[in-house]
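Fold and geometry: a report
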Amino acid sequence: MTQDVNMAAPAAAASGSNTELLPMYRDMRRVRSFEERVGELFVRGQSAGSMLHLSIGEESAAVGVASLMRKGDTFTTHHRGHGIFLARGADPNRMMAEIAGKESGYCHGKGGSMHIADMGLGHLGANAIVGGGIPAVVGAGLASKRAGRGDVSIAFFGDGAMQQGILYESMNMAALWDLPVMFVCINNQYGMGTRIEQATRGVELHQRARALGLRGETVDGLDVRDVREVAQDLIDGGRAGNPAFLAIDCYRFFGHARMDKSPYRSEEDETQGRAKDPVKFARQALLDGGADEAELAALDGEISAEMDATIDFAVAATPPPLTSMFRDVYASDQPEPEPVRTRIDRILAVE
Amino acid sequence: MAEMTYRDALKQALRDAMTEDDSIFVMGEEVGRYGGAYGVTKGLYEEFGADRLLDTPISEPAIVGAAVGAAMSGMRPVAELMYVDFIGMTMDQLGNQAAKIRYMFGGQIGVPMVLRTQGGTGRSAGAQHSQSLEAYVMHTPGLRLAMPATVADAYHLLRAALRQPDPVVFIEHKSLYAMKEEVNLSAPVPEWGKAAVRREGGDLVIVTYSRQVHYAMQAAQELSKKGVEAAVIDLRTLNPLDFETIRRHVEKTGRVMVVSEAAMTAGVAAELSARIHEECFDYLAEPVVRVAGEDIPISVSVDLEANSVPTPGLIRDVAERMVAVRSAA
Ligand SMILES: Cc1ncc(C[n+]2csc(CCOP(=O)(O)OP(=O)(O)O)c2C)c(N)n1
Ligand SMILES: [Mg+2]
């Protein structure tokens, strides 16, 4: 099921200021629920490996920005990109199947969690190389500029990628050529076990972009409405050829990947960090704005059921056939690489 | 004798070397407080302190480049790349700087650094975290290359690497870290640059390295039950390459299989096969056969991943057929 993230909210719960927030709450809740199911898939031994990076705590970044994207826009993500993709309208079943390494996944079980993509939604690819997906938006921006459609291309990455040189090469080109490009740093305070202050003296991340002639802002990720407001301004500018950088402050709620229990940070750090919970915050804001608890609970329940089903879908899905391993190394009208076994057969053929 | 893991043997090698030689230090992502992505340096930060276990930002080209400069300035850096898949990002510093400095500058100075990293399949880590890229290194003159297969070698090769005058790329295998073996670290070991004959056998010789040594040994044991005796050579270092040990076994058996987890085309197995054909042609009863990784990226799917590299079963089947071909001829 592919949902449009801008789909109208259920009418009953949407009153006044809640009209804008409710769909964003729903999308954030879907991200949170999906990620929880990814964790469950791993615990059940049904995921392909353990290198699964949950974006719990970062929902406002995903939804705040992705909800502003339109058809034609493109984006790349990092290894913690499930939420962004889902917020952009991905089918959670096909996502979960990919995370399980199954044939019906977005990339037929070849890419997995860290290399998921969907050209139909403008997702040019998640990336397991820190910083690896950043320069592609410069090229996408060039193409968009040439076509004159006003499509923007957005690179999403973590705070860890702020120390990769390729980011600065990319931002410099984007500024130099006035490209419709945006760089979004999801600053969850950690790169594996390294806190941002342990990785750099320059924690005012947006200053770096400004030094290169881009517009640069930092926004707190607690309230998705704040994220969206700042992002809106920057994306609008981006479409007009003023490339921008946005750092979104949030907290990585759980370990780096599924095997990491975060022994390098204190309980206090986690308690404090998890207080910045954009999903909880939005829900409370909805209630404060007059939403009905029962209706919200019903919405949460619906989402829960939807996401439970993704696990069933992924578990029931079949693994890719072995012969598929040779497919898509090159274009489909090209010969596939010859299997090692075939080559050996030829050598050992007895006359 | 003590039972030890590959991971702990590496750690012990670092510990012993750092205790002996004050100029040795480790730098890389998560090597200090975190203890290494695969736990190799766990505890060393507490033992040696932040000056000798440098946690770096995620900046691979600068990590390798800084190691080059430190090595040229009297220190002995052990730079760590978390995955060998990131080697491409550092290839200028490694291939154009580290590898060429001694030569370009007319022998004035060397770059005695070790680049520790790990590669290979086995964790559903996908296309960008599962590769076997040793050919990039072996193809670059000026770089030494070690790839330990056993727990004892994890220790001894790393110790030896830290005594080399030139840059050494040291590639561990991610699927071996938890492997345990009984080891006596003070027992005599093959010297640096010498292959280890893990098994003798007169019917054919399997030449390999890293994890595939274990697959070859498994295959050889099954073959033995069927009356086929395979010698297994563990190269230990690919540069220097101990071709004499290979030659001796080729001359004895006349049948050679080269096994490598890396993509077959233009890989280490291709180099070995070419050289055996060139130098031992008259002794060969049949062509050298390469059993290597498919010429494809590694998938995250467990099935596709496992079947895109050699398995013990494949090695065994091919060996049986090689011997049968000879007997039929
Ligand atoms: C080039 C490269 N270096 C190192 C890694 C290993 N690694 C994977 S994620 C990660 C931390 C990234 O931190 P950040 O960019 O902040 O993203 P987060 O995990 O916090 O979302 C590291 C070091 C990698 N995948 N690629
Ligand atoms: Mg981070």
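Rules and cut-offs
- Residues numbered from 1 in each chain as written.
- Chains lettered and ligands numbered in written order.
- Predicted model: local features only at pLDDT ≥ 70, side-chain atom pairs only at ≥ 80, totals over all residues.
- Heavy atoms only, no water.
- Near = heavy atom within 4 Å.
- Polar contact = N/O pair within 3.5 Å; in protein donor to acceptor, adjacent residues only side chain to side chain.
- Areas by Shrake-Rupley, 256 points an atom, 1.4 Å probe, with all protein chains shown as cover.
- Nonpolar A, V, L, I, M, F, W, Y, C, P; charged D, E, K, R; others polar.
- Donors = N, O, S within 2.8 Å, 3.2 Å for Na, K, Ca; no water.
- Helix = DSSP H or I, 4+ residues; strand = E, 2+ residues; numbered from the N terminus.
- pLDDT = per-residue confidence, 0-100.
- Phe/Tyr/Trp six-rings, centres within 6.5 Å; stacked < 30°, edge-to-face > 60°.
- Buried < 20%, exposed > 50% of the residue type's maximum accessible area, 1.4 Å probe, protein only.
- Salt bridge = Lys/Arg side-chain N within 4 Å of Asp/Glu carboxyl O.
- Pairing = 2+ DSSP bridges.
- Right-handed = clockwise from strand over helix to strand, strands pointing away.
- Axes fitted to C-alpha atoms, helices over the stretch in contact; angles between N-to-C directions.
- Contact = heavy atoms within 4.5 Å.

1. Quick notes on the site of ligand 1
Around ligand 1, the structure places 23 residues, and the nearest of them are His79, Arg80, Ala128 and Tyr190 of chain A together with Glu60 of chain B. More than one chain approaches ligand 1, the contributing ones being chains A and B. In the model, an oxygen atom of ligand 1 is placed 3.0 Å from a nitrogen or oxygen of the Asp159 of chain A side chain. Between ligand 1 and Tyr190 of chain A there is a distance of 2.7 Å, counted from an oxygen atom to a backbone nitrogen or oxygen. For ligand 1, whose free accessible area comes to 580 Å², the fraction covered by protein is 98%. A breakdown of the residues in the shell around ligand 1 according to their chemical character gives 10 nonpolar, 9 polar and 4 charged.

2. Some words on the coordination of the magnesium ion (ligand 2)
All names here are of chain A. For the magnesium ion (ligand 2), the protein coordination sphere consists of Asp159 (OD), Asn188 (OD1) and Tyr190 (O), at 2.0 to 2.1 Å. Expressed as a motif, the donor residue spacing for the magnesium ion (ligand 2) is D-x28-N-x1-Y. With Asp159 in the loop between strand S2 (153–158) and helix H6 (165–176) and Tyr190 in strand S4 (residues 190–191), this pair connects stretches of sequence that are 31 residues apart.

3. Description of the confidence of the model for chain B
Looking at chain B, pLDDT values average 97 and 99% of them are 70 or higher. The ipTM for the predicted assembly is 0.96, set against a pTM of 0.96.

4. Topic: the packing of aromatic side chains
By convention here, two paired aromatic rings are described through the distance between centres and the angle between planes. Within this structure, the stated rule accounts for 11 aromatic pairs over all chains. Ring geometry for Phe75 of chain A and Phe156 of chain A: centres 6.2 Å apart, planes at 90 degrees, overall edge-to-face. Pair noted here: Phe75 of chain A is in strand S1 (residues 74–76) and Phe156 of chain A is in strand S2, with a separation of 81 residues, a long-range link. Owing to a relative accessible area of 2%, Phe156 of chain A belongs among the buried residues under this scheme. Taken together, a centroid distance of 5.8 Å and an interplanar angle of 65 degrees make the contact between Tyr6 of chain B and Tyr177 of chain B edge-to-face.

5. Digging into the pattern of salt bridges
Under the counting rule described, the total for this entry stands at 49 salt bridges over all chains. Residue Asp234 of chain B pairs with Arg198 of chain B through a salt bridge whose shortest N-O separation is 2.8 Å. A residue pair is termed long-range when its members are at least 10 positions apart, and Asp234 of chain B in strand S11 (residues 230–234) and Arg198 of chain B in strand S9 (residues 196–199) qualify at 36 residues. With relative accessibility at 0%, the residue Asp234 of chain B sits in the buried group. A salt bridge links Glu244 of chain B to Arg247 of chain B, with the shortest nitrogen-to-oxygen separation between them at 3.0 Å. In this pair, Glu244 of chain B and Arg247 of chain B both sit in helix H9 (residues 243–253), 3 residues apart, roughly one turn of the helix. Connected via shared salt-bridge partners are Arg29, Arg283, Glu293 and Asp300 of chain A.

6. Quick look at the pairing of strand S6 (residues 215–220) of chain A
As a general feature of sheets, a regular strand has side chains that alternate between the two faces. Residues and elements named next belong to chain A. Across 6 bridges, S6 lies against strand S7 (residues 244–249) in parallel orientation. Paired with Val219 across the two strands is Ile248, which belongs to S7. As for the winding sense of the linkage, the β-α-β connection from S6 through helix H9 (residues 224–239) to S7 is right-handed.

7. Quick notes on the sheet that holds strand S10 (residues 204–208) of chain B
Two modes of strand pairing occur in sheets, parallel and antiparallel, and in both the strands are linked by backbone hydrogen bonds. All names here are of chain B. Spatially, S9-S11-S10-S13-S14 is the arrangement adopted by the 5 strands of the open sheet, whose pairing is mixed. Single-partner strands in this sheet number two, and they are S9 and strand S14 (289–293). In this sheet, neighbouring strand axes are inclined to one another by 25 degrees on average, regardless of whether the strands run parallel or antiparallel. Direction of pairing for S10 relative to S11: parallel, over a ladder of 5 bridges. Bridging across to S11, Ile206 finds its partner in Val232. Of the strands in this sheet, S9, S10, S11 and strand S13 (256–263) touch helix H8 (residues 212–225), which is tilted by about 170 degrees from S11.

8. So, unusual backbone geometry
Residues Asn239 of chain B and Pro240 of chain B are joined by a peptide bond in cis, for which omega reads 5 degrees. Mapped onto the elements, Pro240 of chain B comes out in the loop between strand S12 (237–239) and H9. The phi dihedral of Asp178 of chain A is positive, around 50 degrees, even though this residue is not glycine. Along the chain, Asp178 of chain A turns up in the loop between H6 and strand S3 (181–187).

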